[in-house]
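# Observations on the three-dimensional arrangement
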Amino acid sequence: MAVYGDWIGPLGLRVFLLAAFLVGCFGFALGRQLSQNRDLQRAFALALPLFSGLMLVHALCRQFALIPPHYQYLSGNHQAALITVVLAFVFALKMTPFWRRNSVALLLLALVGTGSRWGIFVGVLVALGLMVMAARGRWRWPLVGMIGMWVMAGFLAISVTTLAKGTIIRALTPLVARRPLSGLGPGGVETLSLQYQTRYLWQFRQTHAESLPIDWLATFGLPVSVFLLAVLLLLIFWRMIAPGADSERFQRRYLALGLAGVLLHDLLDFSLASGAVSVFAAVTIGALAPDGPWLKNRVRPWSKGLTIIALIGLLGASYHYNPLAMEREGRLETVSEKWGKRSFRHWINKSRATKQPSARIAALSRALELAPGDPYLWFELGAVFLRLGKMSQAV
């Protein structure tokens, strides 16, 4: 814990990380139950066509701007990743051919409706892979050919298009070297991002590095990140090469491909930052986990109750210490900076709240120390020097 005691990220996001871990444990436990409980598998299978329809409705509402941007729970990129993993459940669970075909059709239409170029490429690639795994006889080879053509089309599209997120990922990659062992902590990428990229007027926050490997390496450090990625990749590989462990009602090799699709998607878009995607990923990981005698241990009611109380308490604490809410309410200074650096926006607000030029210069200097990539801060600092008659410093 001493290694992680000097994280740069704010306290509220550290508390939220603990709450997210508990939610992930619930998702993992649900996945374990799903792999063993036929009634739960049947309930999931019945819900999937309805969920697929809701995915299409959500995508259409986004495309036609029927939902204001600040009310949209899922961005197009994150919805594309969620559809990718849900497609795997459609193939893994036992369903009638009619409902499976219709669910796949609805999900693919929703995928196109997300408008996410990388998400569509990965989602269709995973869908074709799932179809190859499910196909029998002469249908398999045409599908393999379609995968080859789709990959070639993807390479051609990349050569003639520019991905804006690629620029962000390249700019933020040096954050990995800032603290390679301990990482910056949750929120550290946002705190230091403007030391490596320019802030534009339309950009309010850069909360993550837009790439799972880069974000995890920068946030948690090399040892933890490599361990987590290695476990996920080994779990996927093991389930792909051990299909004999699957039952007719629940074929987990499909889920392994779905999880691999989410990891591929997250190379250029960190969709696991979304609660919906991360919960579905946790359920998938729980379903893929090895079976063992520990599954037969009964969970005592009091332990469930304590876990739920702890989760509610952590969520409440993370809301109270949410750095953005604390900024808006002027509460950031109630928490010492040893629990995380205050954002550059805090120092901007502090500079605007005082009329003393020296205090304004000191606050703006702290803001620029954190965010030299914000050109508007330089103009603001220059304006203060100009009013003091210090023309050379203003210029």
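Everything here concerns the structure above.
Okay, so let's go over this structure.

Once that is clear, we can look at the packing of aromatic side chains. Note on aromatic pairs: each is described by the distance of the centres and the angle between the planes. Applying the stated criterion to the full structure yields seven aromatic pairs. Ring centres of F89 and F280 lie 6.1 Å apart, and the angle between their planes is 80°; this geometry places the pair in the edge-to-face category. With F89 in helix α3 (residues 76-92) and F280 in helix α12 (residues 275-288), the pair connects residues that are 191 residues apart, well separated along the chain. According to the relative accessible area criterion, F280 is partly exposed, its value standing at 21%.

Bringing the nonpolar core into the picture now. Within the largest apolar cluster, 61 residues are counted, with the highest numbers of intra-cluster contacts made by L82, F89, L255 and L272. When neighbours within four sequence positions are excluded, L82 is seen to be in contact with F51, M55, L74, A276, V277 and F280. Of all hydrophobic cores here, the second largest spans 28 residues; its members include L194, L217, A218 and F385.

Before going further, it helps to examine empty space enclosed by the protein. To find the voids left in a structure, one rolls a probe of water-molecule size over its atoms. Considering all chains together, one arrives at two cavities of 30 Å³ or more under this definition. In this structure, the largest cavity occupies an estimated 280 Å³ of space. Forming the boundary of the largest cavity are 24 residues, of which P10, P323, L332, K341 and S343 lie nearest the centre. Those elements that place two or more of their residues in the lining of the largest cavity are α1 (11-36), α8 (188-192), α14 (323-329) and α15 (344-352). At four residues, α14 tops the list of elements feeding residues into the lining of the largest cavity. Across the lining of the largest cavity, the residue classes tally to twelve nonpolar, six polar and six charged.

Right, let's talk about the pattern of salt bridges for a bit. Going through the model one piece at a time under the given rule, you end up with six salt bridges. Put simply, R42 and D39 hold a salt bridge, and the shortest N to O gap is 2.9 Å. You can see R42 and its partner D39 sitting in helix α2 (residues 38-63), three residues apart, about one turn around the helix. A salt bridge links R352 to E380; the nearest nitrogen and oxygen atoms lie 2.9 Å apart. One end of the pair, R352, is in helix α15; the other, E380, is in helix α17 (residues 375-387), with 28 residues separating them in the sequence. A residue is classified by how much of its surface remains accessible, and E380, at 16% relative accessible area, is buried. Beyond isolated ion pairs, a larger network of salt bridges with shared partners links R352, R360 and E380.

Let's shift gears to the packing of α15 against helix α16 (residues 357-370). Running from N to C, α15 and α16 point in directions that differ by 165°, and their axes come no closer than 8 Å. Between α15 and α16, the interaxial angle falls into the category roughly antiparallel. For the element pair α15 and α16, the recorded crossing hand is left-handed. Within the contact between the two elements, α15 uses F344, W347, I348, K350 and S351 and α16 uses R360, A363, L364, R366, A367 and L370. Here the contact of α15 with α16 is built from residues that sort into seven nonpolar, one polar and three charged.

The next point concerns the environment of A325. Along the chain, A325 turns up in helix α14. Residue A325 is classed as buried on the basis of its relative accessible area of 17%. The sequence separation of A325 and G12 amounts to 313 residues, and the corresponding C-alpha distance is 9.9 Å.

Cut-offs used in this document
Residues numbered from 1 in each chain as written. Predicted model: local features only at pLDDT ≥ 70, side-chain atom pairs only at ≥ 80, totals over all residues. Heavy atoms only, no water. Phe/Tyr/Trp six-rings, centres within 6.5 Å; stacked < 30°, edge-to-face > 60°. Helix = DSSP H or I, 4+ residues; strand = E, 2+ residues; numbered from the N terminus. Buried < 20%, exposed > 50% of the residue type's maximum accessible area, 1.4 Å probe, protein only. Core = buried A, V, L, I, M, F, W, Y, C linked by side-chain atoms within 4.5 Å. Contact = heavy atoms within 4.5 Å. 1 Å grid on protein atoms, 1.4 Å probe; cavity = no way out; pocket = protein on both sides within 12 Å on 5 of 7 lines; lining within 4 Å. Points joined across faces, edges and corners; volume = space filled by probe spheres on them. Nonpolar A, V, L, I, M, F, W, Y, C, P; charged D, E, K, R; others polar. Salt bridge = Lys/Arg side-chain N within 4 Å of Asp/Glu carboxyl O. Axes fitted to C-alpha atoms, helices over the stretch in contact; angles between N-to-C directions. Parallel < 35°, antiparallel > 145°, perpendicular 65-115°, else oblique. Left-handed = near helix turned anticlockwise from the far one by under 90°.

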